[in-house]
Amino acid sequence: MRTSAGYVHGAALLATGLLAGAFGYGAANVIPTFRAVPMDVRLTFHTMMMKVNEPVMQSTMALAILTSFGLAIAARGRSRRLALGAGALTLTALLITVFGNIPLHAHFRQWAAGAVPAGHAEIIQRWELFHTLRTLAALAAFALLIAIAVVVRPVSRAGTPGAIEVRS
């Protein structure tokens, strides 16, 4: 049992780490670059990047959600609660993306094809806020899964230190 839970934990760490890393890269590098270039360059790049990013990032979020909740099923005690929290946080990142960022992409696509309206800065700031929130949610999920491995160090039924507690 410890082996299968260990694999699920590894997959959850990988998926949430990829998610947090991708969002973090966007926050640390892409958004400042967007701010530094002319609006037409930003919009062209943003719309093309989102065309590629949306299916990749949504798949990564789905994998992070499934593996985190899968670990919650396999784990016990504090590890289960932390894995549930990680799953809830990755689900939160997905919901922020679907209901926050993606609808705003429609504005960016329209602006790239035509004129940028007055008040566009507020919409861009809202997109950046949603991106910050989903980045923090993904990072917190990753931190919870790291805590299972590093801080919690639960003991299995067999008494093996460092093993993830699992149901028999």
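The numbers attached to residues start from 1 for each chain and follow its sequence in the written order. Local features in a predicted model are, by the rule used here, given only for residues with pLDDT of at least 70; side-chain atom pairs are given and counted only at 80 or more, and totals for whole chains, interfaces and linings are based on all residues. Based on all heavy atoms of the structure, the side-chain values leave hydrogens and waters out of the count.

Enquirer: Now, about the packing of aromatic side chains: what can you tell me, with residues and values included?
Expert: Any two rings among Phe, Tyr and Trp, with Trp reduced to its six-membered ring, count as a pair given centres within 6.5 Å; such a pair is stacked if its planes are under 30 degrees apart, edge-to-face if over 60, and tilted if neither. Within this structure, the stated rule accounts for three aromatic pairs. Aromatic side chains Phe 34 and Phe 45 sit 5.8 Å apart centroid to centroid with 70 degrees between the ring planes, which places their arrangement in the edge-to-face category. Of this pair, Phe 34 sits in helix H1 (residues 2–36) while Phe 45 sits in helix H2 (residues 39–74), placing them 11 residues apart in sequence. Taken together, the ring pairs in this structure connect Phe 108, Trp 111 and Trp 127 into an aromatic cluster. Helix and strand assignments come from DSSP, with helices taken as H or I runs of at least 4 residues and strands as E runs of at least 2, each series counted from the N terminus.

Enquirer: Give a detailed account of helix H3 (residues 77–113), specifying residues and quantitative values.
Expert: Helical periodicity: at 3.6 residues per turn, an α-helix aligns residues three or four positions apart in one direction. Expected helix span is taken as 1.5 Å per residue step, with the number of steps being one fewer than the number of residues. Over its 37 residues, H3 runs 53 Å from end to end, which matches the ideal 54 Å to within 8%, given 1.5 Å per residue. Approximately 35 degrees is the largest bend angle found in H3, and it occurs at Thr 97. At every residue, the bend is computed as the angle between two fitted axes, covering the seven residues ending there and the seven beginning there respectively.

Enquirer: Could you give an account of the packing of H2 against helix H4 (residues 120–152), with specific residues and numbers?
Expert: If you want to describe how two helices pack, look at the angle between their axes and the distance between the axes. The interhelical angle for the contact between H2 and H4, taken along N-to-C directions, is 30 degrees, at an axis separation of 13 Å. Taken as axis vectors, H2 and H4 run roughly parallel relative to one another. In the packing of H2 onto H4, the handedness of the crossing is left-handed. Contact residues: H2 offers Met 39, Arg 42, His 46, Ser 68 and Leu 71, while H4 offers His 120, Ile 124, Trp 127, Glu 128, Leu 145 and Ile 148. Classifying every residue of the contact of H2 with H4 gives six nonpolar, three polar and two charged. Convention adopted: a line fitted to C-alpha atoms gives each axis, helices being fitted over their contacting stretch, and angles between N-to-C directions are expressed from 0 to 180 degrees. These descriptions rest on fixed angle ranges, namely under 35 degrees for roughly parallel, over 145 for roughly antiparallel, 65 to 115 for roughly perpendicular, and the rest for oblique. Each crossing gets its hand from how the near helix is turned against the far one by less than a right angle, where anticlockwise is left-handed and clockwise is right-handed. Note on contacts: a residue pair is in contact if any heavy atoms of the two residues lie within 4.5 Å. Under the convention adopted here, Pro, Cys and the residues Ala, Val, Leu, Ile, Met, Phe, Trp and Tyr are nonpolar, Asp, Glu, Lys and Arg are charged, and Gly plus all remaining residues are polar.

Enquirer: Break down the environment of Ala 5 for me, citing the residues and quoting the values.
Expert: Following the sequence through the fold, Ala 5 ends up in helix H1. The sequence separation of Ala 5 and Leu 71 amounts to 66 residues, and the corresponding C-alpha distance is 6.5 Å.

Enquirer: I'd like a description of the layout of surface pockets, backed by residues and values.
Expert: Of the pockets and cavities examined, the largest pocket occupies roughly 240 Å³. Going through the elements one at a time, H1, H2, H3 and H4 are the ones with two or more residues in the lining of the largest pocket. By residue number, the principal contributor to the lining of the largest pocket is H1, which donates seven residues. Here a cavity is any set of points on a 1 Å grid over the protein atoms alone where a 1.4 Å probe fits but cannot get out, and a pocket is any open set with protein on both sides within 12 Å along at least 5 of 7 lines; a residue lines the site when it has an atom within 4 Å of a point. Grid points are joined across faces, edges and corners, and a volume is the space filled by probe spheres set on the points.

Enquirer: I'd like to hear about the environment of Lys 51, residue by residue, with values.
Expert: Within the secondary structure layout, Lys 51 lies in helix H2. Working definition: with a 1.4 Å probe on protein chains only, accessible area under 20% of the residue-type maximum means buried, over 50% means exposed, and in between means partly exposed. Relative accessible area serves as the criterion here: at 62%, Lys 51 is assigned to the exposed category. Considering only alpha carbons, one finds Lys 51 and His 105, 54 residues apart in sequence, at a separation of 9.5 Å.

Enquirer: Which residues make up the side chain of Thr 47, and what values go with them?
Expert: Turning to its location among the elements, Thr 47 is positioned in helix H2. Residue classification places Thr 47 among the buried residues on the basis of a relative accessible area of 15%. By the criterion applied in these results, polar contacts are pairs of N or O atoms within 3.5 Å in which, for protein atoms, one can donate a hydrogen and the other can accept it, and in which residues neighboring in sequence qualify only through two side-chain atoms. Looking at Thr 47, its side chain comes within polar contact range of the main-chain oxygen of Leu 43, at 2.9 Å. Engagement of the side chain of Thr 47 in a polar contact is seen with the backbone oxygen of Thr 44, the distance being 3.1 Å. Once you skip the residues sitting within four places of it in the chain, Thr 47 turns out to touch Phe 108, Arg 109 and Ala 112.

Enquirer: Go over the packing of H3 against H4 with me, naming the residues and quoting the values.
Expert: It is at 8 Å that the axes of H3 and H4 come closest, and there the two elements cross at 160 degrees. Here H4 runs roughly antiparallel to H3, going by the angle between their axes. In this structure, H3 meets H4 at a crossing whose hand is left-handed. Split into classes, the residues belonging to the contact of H3 with H4 amount to 22 nonpolar, 11 polar and three charged.

Enquirer: Give me the pattern of salt bridges: which residues, what numbers.
Expert: Any Lys or Arg side-chain nitrogen found within 4 Å of a carboxyl oxygen on Asp or Glu counts as a salt bridge. All chains considered together, the criterion is met by two salt bridges. A salt bridge links Arg 35 to Glu 128; the shortest N-O distance between them is 2.6 Å. Placement of the pair is Arg 35 in helix H1 and Glu 128 in helix H4, with a sequence separation of 93 residues. According to the relative accessible area criterion, Glu 128 is buried, its value standing at 11%.

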